[in-house]
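Structural features, examined
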Amino acid sequence: TNTTVKGNGYRLQNFVVNGSGILGTTDKTDFDNVKIEDITVSGGINAGALAGTVSNGTITNCGVYLTTYPEGGNVRDYYVSKAASDTTYDNLMNERYTTKTISGSGVVGGLVGSANTVTITESFAAVQIVGGTTRGGLIGSAESGSIDKCYASGDITGGATTAGGLLGTADGVT
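This text gives an overview of the structure that appears in the document. (Residues numbered from 1 in each chain as written. Predicted model: local features only at pLDDT ≥ 70, side-chain atom pairs only at ≥ 80, totals over all residues. Heavy atoms only, no water.)

**Here's the deal with the overall build of the protein chain**
- A tally of regular secondary structure across the protein chain gives two helices and 19 strands.
- Counting across all 174 residues of the protein chain, residues that qualify as buried make up 42%.
- A separation threshold of at least 6 residues defines the contact pool for the protein chain, and within that pool the share at least 24 residues apart is 80%.
- Roughly 8,300 Å² of accessible area belongs to the protein chain as shown, and the carbon and sulfur atoms make up 47% of that amount. (Helix = DSSP H or I, 4+ residues; strand = E, 2+ residues; numbered from the N terminus. Buried < 20%, exposed > 50% of the residue type's maximum accessible area, 1.4 Å probe, protein only. Contact = heavy atoms within 4.5 Å. Areas by Shrake-Rupley, 256 points an atom, 1.4 Å probe, with all protein chains shown as cover.)

**Section: the side chain of threonine 53**
- Within the secondary structure, threonine 53 is located in strand β7 (residues 51-60).
- Only 3.0 Å separates the side chain of threonine 53 from the side chain of asparagine 46, close enough to count as a polar contact.
- Leave out the neighbours within four places in its chain, and threonine 53 touches Gly24, Thr25, Thr26, Asn46, Ser114 and Asn116. (Polar contact = N/O pair within 3.5 Å; in protein donor to acceptor, adjacent residues only side chain to side chain.)

**Remarks on unusual backbone geometry**
- Even without being a glycine, aspartate 38 presents a positive backbone phi close to 55°.
- With respect to the secondary-structure elements, aspartate 38 resides in strand β5 (residues 35-42).
- Residue class for aspartate 38 comes out buried when judged on its relative accessible area of 4%.
- Phi is positive for threonine 117, close to 55°, though the residue is something other than glycine.
- Within the secondary structure layout, threonine 117 lies in strand β11 (residues 112-121).

**Section: the sheet that holds strand β6 (residues 46-47)**
- Here we have four strands laid out as an open sheet, ordered β6-β10-β14-β18, and parallel in their pairing. If you trace the sheet from one side to the other, it starts and ends with β6 and β18 (162-164), each paired once.
- Summarising the sheet, strand β14 (residues 134-136) and β18 pair through three bridges and their orientation is parallel. Bridge pairing in β18 places arginine 135 opposite alanine 163. (Pairing = 2+ DSSP bridges.)

This is how it looks when you write it as structure tokens:
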């Protein structure tokens, strides 16, 4: 029997993780409706916002993204009110974007670093990926499993041995 992690409409917000992700390695875990906002992950061989490695499970309706303004507020008014007179809105957003990143030394993905025998549906990653030898916008490396109705956006920067917009590498994935 798999363990189930449910988001229940809540969001995990403003994390700084020194390691592989919110969860390092999971086996036989099903993730449902888990949303992660404004996270920085650094370190770990396999790294992703949700987990460094997920094996033998499912990821459904999960995502990681960078917020641009407080809930219910006006983005420009919020950041301009916080800015010093010589700091522009664009500089503030650029600073925010470049500090909220996912990085590691090996396999790095926006949501999950390494996925092994995992079914991923209706999930996304909208973050910047830096560091790692294998990088993917959603999943760094996927082996055996399926991916359906998913997307990734954001920059994948720096020199990587292998990189892809959605998946860094895939073997036996439909």
